[in-house]
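Summary of structural features
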Amino acid sequence: MTRRRDIAALRNDFPLITGSGKLVYLDSAATTQKPITVLDAIRDYYVRDNANVHRAAHALADRATTAFENARRAAQAFVNAQHAHEIIWTRGTTESINLVAQSYGASALRAGDEILISVLEHHSNIVPWQLVAAKTGATLRAIDIDDRGDLDLDDFHRKLSPDTKIVAIGHVSNALGTINPVAEIVRAAHAVGAVVVVDGAQAAAHLPIDVRDLDCDFYALSGHKMFGPTGIGVLYGKEALLDAMPPWQAGGEMIETVTLEKSTFNRLPYKFEAGTPNIADAIGLGAAIEYLNRIDRDALRAHEANVLAMARARLGQMEGVRIIGDARASTAIVSFAVDGAHPHDVGTLLDQQSVAVRAGHHCAMPLMQRLGVPGTVRASFCLYNSAADVERLVAGIDKVRQLL
Ligand SMILES: Cc1ncc(COP(=O)(O)O)c(C=O)c1O
């Protein structure tokens, strides 16, 4: 397959981007826009194939089941999992992490055990661990960062010990864009017998993901942050771990036999997929993966790196603008503060100029506390953004500075 290298042309695939006049969308870290092929896949499913999966003995159900399981295989290939049954459909990263915390964590952790996260984490990779720590008597510890916004690896090695049973770490920070050295973290964690859960929410749209190369035990991602629909995501888990874990939610589909006294459970992945799954959006996510597969990932990475470098250079030259974070490796996210202005006011005034950014704590309050700021303004770029969008952002901030 020849992959698409003309990244600038990709924006034409996104009806909301091309159809919304002068809007500059710089909030893809919150959710990406959707290409037409994803929208078509969801519509086609409802128009042609809609039926419940795995159960009914009719042709529609067969087609729905085939499309649904093909999407699972697409997700398997996307993260390079060994088996399709290592891919569990969830509502997204948040649910994936809660599944691991409640099923693996609650059954494996004992009082005195430690869970190691970092101060860079999104709340969905903090709070589930707080809940399971409270339930089991385990302790939650956090790796610090350095002044650039990179993980402090010395602190990681200091805090890692035989008491560490789970290391839960983001692949990419949603607030600063920092790319964490996941493979190195996994090697060290495994050496003390800990399992590693990777929050891949911010990686999937930007980086190749190879769970076997990373050797992580669990990997979580969200469809809506990688050009797919909301309400669908993936938990990858190593077969042996998933097999040994107790079910999480209970109901139809996850059982093998049920009597009024007791039940036995279905094989993987269905053991963790209670109830009717989100069939249409799994198929939509399959289409998003297919969309990404047709793009040359090196060309995409180079394009995003250019846009980011330009944004950092242009913002860096602006008087009264302070860039927050300077990670050694990052995806296309830039966080900044404007002197004398609250991030929310900057966000609102940019919105009045049709520049959509995120402002606030980005669901990373511990990170904001660590950085000593109430929040930041965050511009996040992806494949449909360009140098022209950076210029609109800069012009918008200029105007904000005049107004405030
Ligand atoms: C790093 C990170 N982790 C987890 C999440 C949660 O993802 P979701 O809300 O799709 O479950 C987000 C969403 O912003 C995120 O950026």
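Quick note: structure is the one above.
Residues numbered from 1 in each chain as written. Predicted model: local features only at pLDDT ≥ 70, side-chain atom pairs only at ≥ 80, totals over all residues. Heavy atoms only, no water.

Observations regarding the overall build of the chain
A tally of regular secondary structure across the chain gives 14 helices and 15 strands. On C-alpha atoms alone, the chain measures out to a radius of gyration of 22 Å, which is about the 22 Å that the 2.2 N^0.38 rule sets for 404 residues. Taking the principal axes of the C-alpha coordinates as reference, the chain spans close to 70 × 55 × 35 Å. Here the chain holds 404 residues, and the buried ones make up 56% of them. (Helix = DSSP H or I, 4+ residues; strand = E, 2+ residues; numbered from the N terminus. Rg over C-alpha atoms; globule rule 2.2 N^0.38 Å. Buried < 20%, exposed > 50% of the residue type's maximum accessible area, 1.4 Å probe, protein only.)

Some details on the environment of Tyr236
Position of Tyr236 among the secondary structure elements: in strand E8 (residues 233-237). When the C-alpha atoms of Tyr236 and Ala56 are compared, they prove to be 27 Å apart, with 180 residues separating the residues in sequence. When sequence neighbours within four positions are dropped, the list of residues in contact with Tyr236 reads Ala81, Glu86, Ile87, Val211, Cys216, Asp217, Phe218 and Tyr219. (Contact = heavy atoms within 4.5 Å.)

Looking at the packing of aromatic side chains
Taken as a whole, this structure holds eight aromatic pairs when the rule is applied. Centre to centre, the rings of Tyr104 and Phe218 are 5.9 Å apart; their planes meet at 55°, and the pair counts as tilted. Placement of the pair is Tyr104 in helix H4 (residues 93-108) and Phe218 in strand E7 (residues 218-222), with a sequence separation of 114 residues. On the basis of relative accessible area, Tyr104 is assigned to the buried category, the value being 15%. Here the aromatic rings of Phe227 and Tyr384 are separated by 6.3 Å at their centres, their planes lie at 80°, and the arrangement is edge-to-face. Of the two residues, Phe227 is situated in the loop between E7 and E8 and Tyr384 in the loop between strand E15 (376-380) and helix H14 (387-403); the sequence distance between them amounts to 157 residues. The same class applies to Phe227 as to Tyr384, namely buried. By the ring-pair criterion, three or more aromatic residues cluster together here, those being Phe14, Phe227, Tyr291 and Tyr384. (Phe/Tyr/Trp six-rings, centres within 6.5 Å; stacked < 30°, edge-to-face > 60°.)

Brief notes about the pairing of strand E2 (residues 87-90)
The two faces of a sheet get side chains in turn, since along a regular strand they alternate between them. Where burial is concerned, the two faces of E2 agree: the one with Ile87 and Trp89 and the one with Ile88 and Thr90 are both buried. Bridge count between E2 and E8: four bridges; the pairing is antiparallel. For Thr90, the partnering residue across the bridge sits in E8 and is Gly233. (Pairing = 2+ DSSP bridges.)

Notes on the layout of surface pockets
Over the atoms, a rolling probe the size of a water molecule traces out where space has been left empty. The calculated volume of the largest pocket comes to roughly 400 Å³. In terms of lining residues, the largest pocket is bounded by 28 residues, among which Thr94, His122, Ser124, Ala201 and Lys225 are the most central. Looking at the lining of the largest pocket element by element, the count peaks at three residues for H4. One number sums up the size of the second largest pocket: a volume of about 330 Å³. At the level of secondary structure, the elements contributing two or more residues to the lining of the second largest pocket comprise helix H2 (36-49), helix H3 (59-79) and helix H10 (279-293). Sort the elements by how many residues they give to the lining of the second largest pocket and H2 lands first, with six residues. Of the residues belonging to the lining of the second largest pocket, the class tally is eight nonpolar, three polar and five charged. (1 Å grid on protein atoms, 1.4 Å probe; cavity = no way out; pocket = protein on both sides within 12 Å on 5 of 7 lines; lining within 4 Å. Points joined across faces, edges and corners; volume = space filled by probe spheres on them. Nonpolar A, V, L, I, M, F, W, Y, C, P; charged D, E, K, R; others polar.)

Details of the site of the ligand
Surveying the vicinity of the ligand reveals the residues Thr93, Thr94, His122, Ser124, Asn174, Asp199, Ala201, Gln202, Ser222, His224 and Lys225. Interatomic distance of 2.5 Å between a side-chain N/O atom of Asp199 and a nitrogen atom of the ligand. In the model, an oxygen atom of the ligand is placed 2.7 Å from a nitrogen or oxygen of the His224 side chain. Considering the ligand on its own, with 390 Å² of exposed area, one finds that the protein chains cover 84% of that surface. Comparing atom positions with the cavity grids shows the ligand to sit within the largest pocket. Split by residue class, the shell around the ligand holds one nonpolar, eight polar and two charged. (Near = heavy atom within 4 Å. Polar contact = N/O pair within 3.5 Å; in protein donor to acceptor, adjacent residues only side chain to side chain. Areas by Shrake-Rupley, 256 points an atom, 1.4 Å probe, with all protein chains shown as cover. Sits in = over half its atoms within 2 Å of the grid points.)

Considering H3
In an α-helix, one full turn covers 3.6 residues, which means residues spaced three or four apart are oriented alike. Spanning 21 residues, H3 covers 31 Å between terminal C-alpha atoms, matching the ideal 30 Å at 1.5 Å per step. Inspection of H3 places Ala61, Ala64, Thr65, Phe68, Glu69, Ala71, Arg72, Ala75, Gln76, Phe78 and Val79 among the buried residues, and these make up the whole buried set. Positive backbone phi, at 60°, marks Asn80, one or two positions downstream of H3. (Expected span 1.5 Å × (residues − 1).)

Some words on the sheet that holds strand E5 (residues 164-170)
Strand pairing within a sheet occurs via backbone hydrogen bonds; the two strands may be parallel or antiparallel. Overall, mixed pairing links the seven strands, which are arranged E2-E8-E7-E6-E5-E3-E4 in an open sheet. Each edge of the open sheet carries a strand with a single partner, namely E2 and strand E4 (139-143). If you compare each strand with its neighbour and ignore which way they point, the axes differ by 20° on average. The pairing of strand E3 (residues 114-118) with E4 spans five bridges and is classified as parallel. The residue of E4 that forms the bridge with Ile115 is Leu140. In the packing of H4 onto the sheet, the strands contacted are E2, E5, strand E6 (195-199), E7 and E8, and the crossing angle to E7 comes to about 150°. Across the face of the sheet, helix H5 (residues 127-136) comes into contact with E3, E4, E5 and E6 while running at roughly 165° to E3. (Axes fitted to C-alpha atoms, helices over the stretch in contact; angles between N-to-C directions.)

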